Amino acid sequence: MTKIKKAIIPAAGLGTRFLPATKAMPKEMLPIVDRPTIEYIVEEAVNSGIEDIIIVTGKGKRAIEDHFDYSLELEENLVKKEKFDLLDKIKKSANVEIHYIRQKQPKGLGHAIWCARKFIGNEPFAVLLGDDIVKSEKPCLRQLIDQFEETNSSIIGVQRVPDEDTHRYGIIDPLEKSDRRYQVKNFVEKPEKGTAPSNLAIIGRYILTPEIFDFLDKQQIGAGGEVQLTDAIEQLNQFQRVFAYEFTGKRYDVGEKLGFIQTTIEFGLNREDLRGPLEDYLKEITKNINQSKV
Ligand code: G1P
């Protein structure tokens with residue numbers, strides 16, 4: 001049985017949904033409370049047993065590399081001030097190696113994954129997208145790796161989304177289901193409104209066999225004029241089985257503004273140092289909102 005040891009985190013997107021905040025700062029560095037979003041993704045990968053991560057970056061993404069690097073000056077400063085709790089927070093994780101590669105043109109998710117093909121070589125691997133943070137008892141990626149260990153096949157993480165939102169996602173056309181695992185007839189990227197075959201959406205976690213690169217090699221242009229990973233998965237599924245797995249856990253969409261604000265509030269409420277005052281504040285402003293409605 002091949003172990004899943006490598007993961008790709010694409011982080012080359014332009015972050016247009018968060019302009020102007022992302023004009024000079026990568027969207028992956030936007031903080032949820034006090035940790036950049038990409039740190040939650042890396043943490044999930046490490047907690048799932050990943051040993052090597054390659055982050056696919058692009059222009060203006062230097063801050064990501066600096067974030068995961070040593071910062072000797074800062075570490076010395078915190079030691080001097082005896083701020084050991086903060087020191088722990090900024091120290092590099094010893095359990096994972098992070099590597100970088102640049103996507104030289106913004107040609108889409110499929111192209112970003114293809115850029116990491118030489119790093120992956122001929123072994124199955126994971127992909128985690130930075131716009132989705134998942135909170136669950138067992139890390140979302142670990143749930144998929146466990147499925148891979150049972151099936152030895154590619155597995156795509158899915159969850160149900162409201163019908164009116166299906167056009168924003170990769171959607172599966174499910175066949176048989178056993179427990180939470182589906183056989184899939186088709187994978188469709190961003191179906192037009194009213195045409196989605198189901199409301200089971202691909203949510204940013206994938207385990208893929210290396211054969212996916214045979215299809216990504218074609219660099220076929222799909223939805224939105226981009227090379228789509230979902231299109232390559234659809235082709236792979238015609239050739240070797242690709243399953244979908246309805247993972248458990250709550251998914252936070254930090255890739256859009258409302259989701260980002262909701263995530264910040266919920267994560268803040270889960271923090272002991274913030275819960276009390278934040279709850280008081282929320283009560284107060286909701287009271288004011290209700291009063292102004294009357
Ligand atoms: C990407 C994928 C899509 C998936 C989504 C999940 O789309 O292409 O299949 O459903 O992530 O967040 P994007 O949100 O980058 O447009």
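Residues numbered from 1 in each chain as written. Predicted model: local features only at pLDDT ≥ 70, side-chain atom pairs only at ≥ 80, totals over all residues. Heavy atoms only, no water.

Asks: Tell me about the overall build of the protein, and please be specific about residues and values.
Replies: A tally of helices and strands in the protein yields 11 helices and 13 strands. What you see for the protein is a C-alpha radius of gyration of 20 Å, in line with the 19 Å of a compact globule of 294 residues. With respect to the principal axes defined by its C-alpha atoms, the protein has extents near 60 × 55 × 35 Å. The buried share of the protein, taken over its 294 residues, is 47%. Residue pairs at least 24 apart in sequence account for 76% of intrachain contacts in the protein once pairs closer than 6 positions are excluded. Carbon and sulfur atoms form 50% of the exposed surface of the protein, whose accessible area is close to 15,700 Å². (Helix = DSSP H or I, 4+ residues; strand = E, 2+ residues; numbered from the N terminus. Rg over C-alpha atoms; globule rule 2.2 N^0.38 Å. Buried < 20%, exposed > 50% of the residue type's maximum accessible area, 1.4 Å probe, protein only. Contact = heavy atoms within 4.5 Å. Areas by Shrake-Rupley, 256 points an atom, 1.4 Å probe, with all protein chains shown as cover.)

Asks: Quick one: what's the story with the pairing of strand S4 (residues 52-57), residue by residue and with numbers?
Replies: A regular strand carries its side chains on alternate faces of the sheet. With five of six residues buried, S4 is to be regarded as a mostly interior element. In the sheet, strand S1 (residues 6-10) pairs with S4 via five bridges, with the strands oriented parallel. For Ile-8, the partnering residue across the bridge sits in S4 and is Ile-54. For S4 and strand S5 (residues 97-102), the ladder comprises six bridges, and the chain directions are parallel. Residue pairing for S5: Val-56 is matched across the bridge by Ile-101. (Pairing = 2+ DSSP bridges.)

Asks: So, the site of the ligand: which residues are in play, and what are the values?
Replies: Taken together, Leu-109, Leu-129, Asp-132, Tyr-169, Gly-170, Glu-189, Lys-190, Ile-202, Gly-204, Gln-228 and Thr-230 make up the full set of residues near the ligand. Contacts to the ligand include Glu-189, whose side-chain N or O atom sits 2.7 Å from an oxygen atom. Between Lys-190 and the ligand, the recorded distance is 2.7 Å, taken from a side-chain N or O atom to an oxygen atom. In isolation the ligand offers 380 Å² of accessible surface; the protein chains occlude 82% of this area. Of the residues in the shell around the ligand, the class split is four nonpolar, four polar and three charged. (Near = heavy atom within 4 Å. Polar contact = N/O pair within 3.5 Å; in protein donor to acceptor, adjacent residues only side chain to side chain. Nonpolar A, V, L, I, M, F, W, Y, C, P; charged D, E, K, R; others polar.)

Asks: Explain the side chain of Gln-228 to me, and be specific about the residues and the numbers.
Replies: With respect to the helices and strands, the residue Gln-228 is situated in the loop between helix H8 (212-216) and helix H9 (229-237). Here Ala-223 takes part through its backbone oxygen, which lies 2.8 Å from a polar atom of the side chain of Gln-228. If near-sequence neighbours (up to four positions away) are discounted, Gln-228 is found in contact with Gly-110, Glu-189, Gln-220, Gly-222 and Ala-223.

Asks: Describe helix H10 (residues 257-269), with residues and values.
Replies: Between the first and last C-alpha of H10 there are 19 Å, a value that for 13 residues agrees with the 18 Å anticipated at 1.5 Å per step. Taken together, the buried positions of H10 are occupied by Gly-259, Phe-260, Thr-263, Phe-267 and Gly-268. Down the axis of H10, the smallest arc covering the buried residues is 160°, so these residues share one side. Counted as exposed and oriented over 90 degrees from the buried face of H10: Lys-257 and Leu-258. (Expected span 1.5 Å × (residues − 1). Arc of directions from axis to C-beta.)

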